[in-house]
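Spelled out from the first residue to the last, the chains are:
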Amino acid sequence: MVKKVVIEGKGTNDFLGTGRRKATAVARARIRPGQGRIAVNGRALEDYFPNELYQKRVLQPLELTGRLESVDVILRVAGGGISGQADACKLAIARALLRMDPELRQTLRDAGLLTADGRKKERKKYGLHGARRGTQFSKR
């Protein structure tokens, strides 16, 4: 049973942030003062990210800044896999929090939450089986 989460209200005092990961996963976060509700693509956080590890990853910026119970978060995420999406959400929330309160910059920066993970998939090269894997060497 998928639980729908609807966070009402006009976006006059919303703060936006965008996060990307692995060139494919893109998340857009919308943060507003509220009661601590989190919606990911219209679903509850626990429904969208059933694994507790990914839930913790997404909530890390909110827990670090102590805003877990005082803001509502609306996330739109697309592309990539579940891990890349969780990391994209984390970066998007951190950037939105920074827009909400610029005083948090040093806290978020020290925790490494404002640094985008730049790792991308390495391209396959011609003459090889993959990016680096070559053919097996045969002496005879």
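Preceding this section is the structure that the text describes.
Values in this document were obtained by computation on a predicted structure and should not be read as measured data. (Residues numbered from 1 in each chain as written. Predicted model: local features only at pLDDT ≥ 70, side-chain atom pairs only at ≥ 80, totals over all residues. Heavy atoms only, no water.)

So, the side chain of Thr65
Thinking step 1. Along the chain, Thr65 falls in helix H2 (residues 52–65).
Thinking step 2. A polar contact is formed between the side chain of Thr65 and the backbone oxygen of Pro61, at a distance of 2.9 Å.
Thinking step 3. A polar atom in the side chain of Thr65 sits 3.4 Å from the backbone oxygen of Leu62.
Thinking step 4. Beyond its immediate sequence surroundings of up to four residues, Thr65 is in contact with Leu97, Leu104 and Leu108. (Helix = DSSP H or I, 4+ residues; strand = E, 2+ residues; numbered from the N terminus. Polar contact = N/O pair within 3.5 Å; in protein donor to acceptor, adjacent residues only side chain to side chain. Contact = heavy atoms within 4.5 Å.)

Some points on the nonpolar core
One broad rule of soluble globular proteins: the nonpolar side chains tend to lie buried together.
Thinking step 1. Grouped together as the largest cluster of nonpolar side chains are 30 residues, with contacts concentrated most on Phe49, Leu75 and Ile93.
Thinking step 2. Among the secondary structure elements, those contributing two or more residues to this core are strand S2 (25–33), strand S3 (38–40), helix H1 (45–48), H2, strand S5 (71–78) and helix H3 (82–100).
Thinking step 3. The element best represented in this core is H3, accounting for nine residues.
Thinking step 4. Not counting residues within four places of it along the chain, the set of residues in contact with Ile93 comprises Ala29, Ile31, Val58, Pro61, Leu62, Val73 and Leu75. (Core = buried A, V, L, I, M, F, W, Y, C linked by side-chain atoms within 4.5 Å. Buried < 20%, exposed > 50% of the residue type's maximum accessible area, 1.4 Å probe, protein only.)

Examining the packing of H2 against H3
Thinking step 1. Across the interface, H2 lies against H3 with an axial gap of 8 Å and an inter-helix angle of 15 degrees. Classified by the interaxial angle, the pair formed by H2 and H3 is roughly parallel. Our pair here, H2 against H3, has a crossing hand that is right-handed. Each of Tyr54, Arg57, Val58, Gln60, Pro61, Leu62 and Thr65 in H2 lies in contact with H3, whose residues at this interface are Ile82, Ser83, Ala86, Asp87, Cys89, Lys90, Ile93, Ala94 and Leu97.
Thinking step 2. Residue composition of the contact of H2 with H3, grouped by class: 10 nonpolar, three polar and three charged. (Axes fitted to C-alpha atoms, helices over the stretch in contact; angles between N-to-C directions. Parallel < 35°, antiparallel > 145°, perpendicular 65-115°, else oblique. Left-handed = near helix turned anticlockwise from the far one by under 90°. Nonpolar A, V, L, I, M, F, W, Y, C, P; charged D, E, K, R; others polar.)

The values reported here are purely geometric and, on their own, carry no functional implication.
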